[in-house]
Amino acid sequence: MWMIDILKKISKNNIFLDYLSSKIRNSIVHFTYYYKDEKILFYDNIFDKKPEEMSLVKLIIESKNMNILALGFFHMYLETFKKPLKD
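Residues numbered from 1 in each chain as written. Predicted model: local features only at pLDDT ≥ 70, side-chain atom pairs only at ≥ 80, totals over all residues. Heavy atoms only, no water.

Thoughts on the pairing of strand E2 (residues 39–42)
Each regular strand shows side chains that alternate between the opposite faces of the sheet. Of the pairings in the sheet, the one linking strand E1 (residues 33–36) to E2 comprises four bridges and is antiparallel in character. Paired with Lys36 across the bridge in E2 is Lys39. If you look at the hairpin formed by E1 and E2, you'll find two residues sitting between the two strands, and Asp37 has a positive phi there, around 50°. The pairing of E2 with strand E3 (residues 52–54) spans three bridges and is antiparallel. Bridging from a neighbouring strand, Phe42 pairs with Glu52 of E3. (Pairing = 2+ DSSP bridges. Helix = DSSP H or I, 4+ residues; strand = E, 2+ residues; numbered from the N terminus.)

What follows is the structure, encoded as structure tokens:
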């Protein structure tokens, strides 16, 4: 999470950065989650004894929120570094 740590130094009270460093995001990125009893369980690692639980409906909403944030960061990058999108 080094990138988020650097961004937090620049913008200390940015709630979006806290959202990006969530257990759910980390679990999805590192494939430490699974579906059981109509819930999705998110683990920090394979030894995590207290996974975070979430319904599939809530996961879909959360994934859409993360997608919006990712697109926002991508467009900020393009604007900051003036990188044109190629067709």
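Some thoughts on helix H4 (residues 56–81)
Here H4 spans 37 Å end to end across 26 residues, near enough to the 38 Å set by a 1.5 Å rise per residue. Of all the positions in H4, only Leu59, Glu62, Met66, Leu69 and Leu78 are classed as buried. Residue Lys82 follows H4 closely and has a positive phi angle near 55°. (Expected span 1.5 Å × (residues − 1). Buried < 20%, exposed > 50% of the residue type's maximum accessible area, 1.4 Å probe, protein only.)

Things to note about the environment of Ile40
Here Ile40 is to be found in strand E2. Overall, the relative accessible area of 5% leaves Ile40 in the buried class. As for Ile40 and Leu59, which are separated by 19 residues in sequence, their C-alpha atoms are 8.1 Å apart. The residues touching Ile40, leaving out its near neighbours within four places in the chain, are Tyr33, Tyr34, Tyr35, Glu52, Glu53, Met54, Leu56 and Leu59. (Contact = heavy atoms within 4.5 Å.)

Interpretation note: all reported values are geometric properties and have no functional meaning in isolation.
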